[in-house]
Amino acid sequence: MRDHPWIVYLTAYLGVRVHRARTAPTRGASAVEWVIITAIIAGVALGLAALIRTLVQNQQAQIEQSFGGGGGGGDDAP
């Protein structure tokens with residue numbers, strides 16, 4: 001399987017790409033910076049999503065309480 005032409009080609013191609021990334025200091029640093037920035041943005045987005053979800057659930061619970069449990073569709077519904 002290792003002698004398959006596609007495997008040999010991909011191994012050589014990836015070897016060249018890794019060598020370029022290791023020997024080009026600005027490109028490698030730039031890629032690392034992008035990964036760090038992306039991770040920070042993703043973390044902030046997930047944190048905000050969790051916060052917004054909690055706030056919405058709390059508000060929903062307050063609204064349900066103000067309507068006496070809410071839900072509707074009970075036996076006395078028209």
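As shown above, the structure is provided for reference.
Residues numbered from 1 in each chain as written. Predicted model: local features only at pLDDT ≥ 70, side-chain atom pairs only at ≥ 80, totals over all residues. Heavy atoms only, no water.

(A) Region of the structure containing the overall build of the protein. Broken down by element type, the protein carries 2 helices and 0 strands. When the accessible surface of the protein is summed, it comes to about 7,300 Å², and 66% of that surface belongs to carbon and sulfur atoms. (Helix = DSSP H or I, 4+ residues; strand = E, 2+ residues; numbered from the N terminus. Areas by Shrake-Rupley, 256 points an atom, 1.4 Å probe, with all protein chains shown as cover.)

(B) Here's a closer look at the packing of aromatic side chains. Considering all chains together, one arrives at 1 aromatic pair under this definition. Note on Tyr9 and Tyr13: the rings are 6.2 Å apart at their centroids and 15° apart in plane angle, and the pair reads as stacked. Here Tyr9 pairs with Tyr13, and both are found in helix H1 (residues 5-23), just 4 residues apart, close to one helical turn. Using a relative accessible area of 42% as the deciding quantity, one classes Tyr13 as partly exposed. (Phe/Tyr/Trp six-rings, centres within 6.5 Å; stacked < 30°, edge-to-face > 60°. Buried < 20%, exposed > 50% of the residue type's maximum accessible area, 1.4 Å probe, protein only.)

(C) Representation of a nonpolar patch on the surface in the model. A cluster of nonpolar residues, Val32, Ile36, Ile40, Val44, Leu48, Leu51, Ile52, Leu55 and Val56, forms a patch on the protein surface that exposes about 840 Å² of accessible area. In this structure, Leu48 sits in helix H2 (residues 25-66). A relative accessible area of 46% places Leu48 in the partly exposed class. (Patch = residues over 30% accessible without salt bridge, like charges linked within 9 Å, V, L, I, M, F, W, Y side chains within 5 Å. Salt bridge = Lys/Arg side-chain N within 4 Å of Asp/Glu carboxyl O.)

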